[in-house]
Amino acid sequence: MTILPDPASLVNEDRADGSIYNNAALYDMEMDSIFKRNWIWVAHRSDLPEPGSFITTFIGQHPVIVSRDRKGELHVLLNRCRHRGATVCEHKSGKTASFVCPYHGWAYGQDGALRAVPQPKGYGESLDKSKLPLVSLKVAEYNGMIFATFNQDIMPLDEWLGPAKIWIDLFMKQGAGWPVKTMGEHKFTFPGNWKIQLENTTDAYHFPIVHKSFLDSVDNETQNIFDFVEGDGFVEDLGNGHSVMVMIPELIDLEENLDAPVPERFQELADVLSKDYPPEKVRQIVRAVGGSGFNLNLYPNVACSMAFFRVLRPLAVDQTEIRHIAIGMDGGPDIANEVRLRLHEHFQGPMGFGTPDDSEAWDRVQRGALAGYNIDILLNRGLDHEAKRESGNLFSDVTAETGMRAAYKQWLVDLTCETAAEEAAQ
């Protein structure tokens, strides 16, 4: 019998044991207690624009279909035929009236209901199609963000998001008055544990070191914007594992300070937009193109990261898939969306500066964590920052590891519940 680790012995307020990245039994616990019991981000509303639209994705290691039925209702369905277990859809996205298993031809509606079975006489009276739909998960949406869960007893999505909703609303102002839409993605894997990437999204401490090559590639104006480590930024725990890291406070709300001059690097874009839009709308679009000044971590698998969605999927204890999803303005000017894509490619794209540098760092953490035993991972940076902010002092430290502590606090709650359930079952 596999001996389950005690999560409480591995993580405390300001440090964690290095084995959290490489313990296979712990990883199995996480897949059940975190990725099956929490709300997991699966799609953006723009991925399912009309009835019949669908995408395929994963919740943890479970393949799912996210679909919109003919009435416009959302469904998240396990991608597994109820007959012999084959996947019923292998397309990444599309539009369909039904999902048909290629093995024996069982056909399911957009809502997962079993509609037809070839040669039904072979079952006699034993087949009741109404009792064999695709397994349906609980689904909910907030401001275009679609989440699903195996846990039918989970708190409502609004409650689970809590204060993070305010930051989602701010992030979506990148539509500049139009809805936000997804515009393609860059997907890759790295040889490391999923929590290493979870930590990275609210880690400003590494930015001037790991991303020096990026900073050297941009103009002085952009360098000044990204010189935020000594600035007035901050990190906050938003509850339930969520956190926000504000790097550029003046870009929290993109609809504020629209009277500010257009940055020089966007002046050419502003000149083109001025042919079709009034000055205030031009400034709103330009500010949206530059992205928000914060990273929002939504535990456990998605981040609204300045100007894109970052989605993680655990593949194994030492293997993680990352999707960087570009976003733009649905109905906005093509030229503005093109500029956003070029900015995205500069940092997040496969030939960009940020992704390769981050991936190298994550790889090194995974390999280094295998050296020695009982050596802690430190999570103690900025503890005084939290104490001062809680006392009403607006003390700022964007390099504080508050976001990591927030995630591990919820991680410990999730896994402690799992351990208690295992002990009760024995």
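Up top is the structure these notes are about.
The paragraphs below set out a description of the structure included in this document. Just so you know, these numbers come straight off a predicted model, no measurement behind them.

### Description of the overall build of the chain
Each helix and strand in the chain was counted, giving 13 helices and 19 strands. Its C-alpha radius of gyration of 23 Å places the chain within 12% of the 22 Å reference for a compact globule of 426 residues. Across its three principal axes, the chain shows a C-alpha extent of roughly 75 × 60 × 40 Å. When each of the 426 residues of the chain is scored for burial, the buried share is 50%. Expressed as a percentage of contacts within the chain between residues at least 6 apart in sequence, the contacts between residues at least 24 apart total 66%. Put simply, the chain shows about 19700 Å² of open surface, and 50% of that area lies on carbon and sulfur atoms.

### Overview of the nonpolar core
Among the nonpolar cores identified, the biggest contains 42 residues, and Ile 20, Val 42, Ile 59, Val 76, Trp 194 and Trp 411 are the most heavily contacted of them. By residue number, the principal contributor to this core is helix H13 (residues 402-425), which donates five residues. If we ignore the near neighbours within four places in the chain, the residues touching Ile 20 are Leu 10, Val 11, Leu 26, Asn 193, Lys 195, Tyr 408 and Trp 411. With 30 residues, the next largest nonpolar core counts Ile 154, Phe 171, Val 244 and Val 311 among its residues.

### Observations concerning the pairing of strand S18 (residues 319-329)
The element S18 is extensively covered by neighbouring structure, given that ten of its eleven residues are classed as buried. Sheet topology note: the strand S17 (residues 308-316)/S18 ladder contains eight bridges and is antiparallel. Looking across to S18, one finds that Arg 313 is bridged to Glu 321. Taking the residues that link successive antiparallel strands as the turn, the S17-S18 hairpin has two residues.

### Some remarks on the pattern of salt bridges
Using the criterion set out here, one finds 17 salt bridges in the structure. Here Asp 253 ties to Lys 173 by a salt bridge, and the two come within 2.9 Å at their closest N and O atoms. Of this pair, Asp 253 sits in the loop between strand S14 (242-246) and helix H8 (267-273) while Lys 173 sits in the loop between helix H3 (164-171) and strand S12 (180-190); the two residues are 80 residues apart in sequence, bridging distant segments of the chain. Between Asp 237 and Lys 409 there is a salt bridge, and its shortest N-O distance comes to 2.9 Å. In this pair, Asp 237 is assigned in strand S13 (residues 234-239) and Lys 409 in helix H13, connecting sequence segments 172 residues apart. Residues participating in the shared-partner salt-bridge network are Asp 14, Arg 15 and Asp 376.

### Overview of helix H11 (residues 354-368)
Given a rise of 1.5 Å per residue, 15 residues ought to cover 21 Å, and the 21 Å separating the end C-alpha atoms of H11 matches this to within 8%. Listed in full, the buried residues belonging to H11 are Gly 354, Thr 355, Asp 358, Ser 359, Trp 362, Asp 363 and Gln 366. Each buried residue of H11 sits inside an arc of 155° when the element is viewed along its axis, so together they form one side. Tucked inside the fold, the buried residues of H11 contact S12, helix H4 (194-200), helix H5 (207-210), S17, S18 and helix H10 (334-347).

### Remarks on the environment of Lys 195
Position of Lys 195 relative to the elements: it lies in helix H4. Expressed as a C-alpha distance, the spacing of Lys 195 and Asp 6, which sit 189 residues apart in the sequence, is 17 Å. Discounting chain neighbours no more than four positions away, the residues touching Lys 195 are Ile 20, Tyr 21, Glu 30, Tyr 408 and Trp 411.

### A short note on the packing of aromatic side chains
Summed over the entire model, instances satisfying the criterion amount to twelve aromatic pairs. Considering the side-chain rings of Phe 54 and Phe 99, the 5.5 Å spacing of their centres and the 85° angle between planes classify their relative orientation as edge-to-face. Here Phe 54, found in strand S3 (residues 53-59), pairs with Phe 99, found in strand S7 (residues 98-100); they are 45 residues apart in sequence, far enough to count as distant. Phe 99 sits in the buried class, given a relative accessible area of 2%. Centroid distance Phe 171 to Phe 294: 6.3 Å. Interplanar angle 65°. Geometry classified as edge-to-face. Pair noted here: Phe 171 is in helix H3 and Phe 294 is in strand S15 (residues 294-298), with a separation of 123 residues, a long-range link. Phe 294 shares its class with Phe 171; the two are buried. By way of ring pairs, the aromatic residues Trp 41, Trp 167, Phe 171, Phe 294 and Phe 309 are connected into one cluster. Over the ring of Phe 150 we find Lys 36, and its NZ or CZ is 5.0 Å from the ring centre.

### What about the packing of helix H9 (residues 279-290) against H10?
For the pair H9 and H10, the least separation of the axes is 9 Å and the interaxial angle reads 25°. In terms of orientation, H9 lies roughly parallel with respect to H10. The two elements H9 and H10 cross, and the hand of that crossing is right-handed. Of the residues in H10, those in contact with Ile 285, Ala 288 and Val 289 of H9 are Ala 336, Val 339, Arg 340 and Leu 343. Among the residues making up the contact of H9 with H10, the classes are represented as six nonpolar, no polar and one charged.

### Looking at the sheet that holds S18
Strand order in the open sheet formed by seven strands is S12-S18-S17-S16-S15-S14-S13, and the pairing between neighbours is antiparallel. Only two strands of the sheet have a single partner each, and these edge strands are S12 and S13. Geometrically, the sheet is characterised by an average inter-axis angle of 15° between neighbouring strands, direction not taken into account.

### Focus: H10
Counted at 1.5 Å a residue, the expected span for H10 with its 14 residues is 20 Å, and the 21 Å between its end C-alpha atoms agrees. Listed as buried for H10 are Ala 336, Asn 337, Arg 340, His 344 and Phe 347. Within H10, the buried residues cover an arc of 95° as seen down the axis, which keeps them to one side.

### Looking at the sheet that holds strand S9 (residues 114-116)
In any sheet, the strands associate via hydrogen bonds between backbone groups, in a parallel or an antiparallel arrangement. Taken together, the three strands give an open sheet; going across it, the order is S7-S8-S9, and neighbouring strands pair in antiparallel fashion. Each having just a single partner strand, S7 and S9 make up the two edges of the open sheet. Between one strand axis and the next, the sheet turns by 35° as a mean value, whatever way the strands run. With three bridges connecting them, S7 and strand S8 (residues 107-109) associate as antiparallel partners. By the bridge assignment, Val 100 is partnered in S8 with Ala 107.

Rules of the game
- Residues numbered from 1 in each chain as written.
- Predicted model: local features only at pLDDT ≥ 70, side-chain atom pairs only at ≥ 80, totals over all residues.
- Heavy atoms only, no water.
- Helix = DSSP H or I, 4+ residues; strand = E, 2+ residues; numbered from the N terminus.
- Rg over C-alpha atoms; globule rule 2.2 N^0.38 Å.
- Buried < 20%, exposed > 50% of the residue type's maximum accessible area, 1.4 Å probe, protein only.
- Contact = heavy atoms within 4.5 Å.
- Areas by Shrake-Rupley, 256 points an atom, 1.4 Å probe, with all protein chains shown as cover.
- Core = buried A, V, L, I, M, F, W, Y, C linked by side-chain atoms within 4.5 Å.
- Pairing = 2+ DSSP bridges.
- Salt bridge = Lys/Arg side-chain N within 4 Å of Asp/Glu carboxyl O.
- Expected span 1.5 Å × (residues − 1).
- Arc of directions from axis to C-beta.
- Phe/Tyr/Trp six-rings, centres within 6.5 Å; stacked < 30°, edge-to-face > 60°.
- Lys NZ or Arg CZ within 6 Å of the ring centre and 35° of its normal.
- Axes fitted to C-alpha atoms, helices over the stretch in contact; angles between N-to-C directions.
- Parallel < 35°, antiparallel > 145°, perpendicular 65-115°, else oblique.
- Left-handed = near helix turned anticlockwise from the far one by under 90°.
- Nonpolar A, V, L, I, M, F, W, Y, C, P; charged D, E, K, R; others polar.

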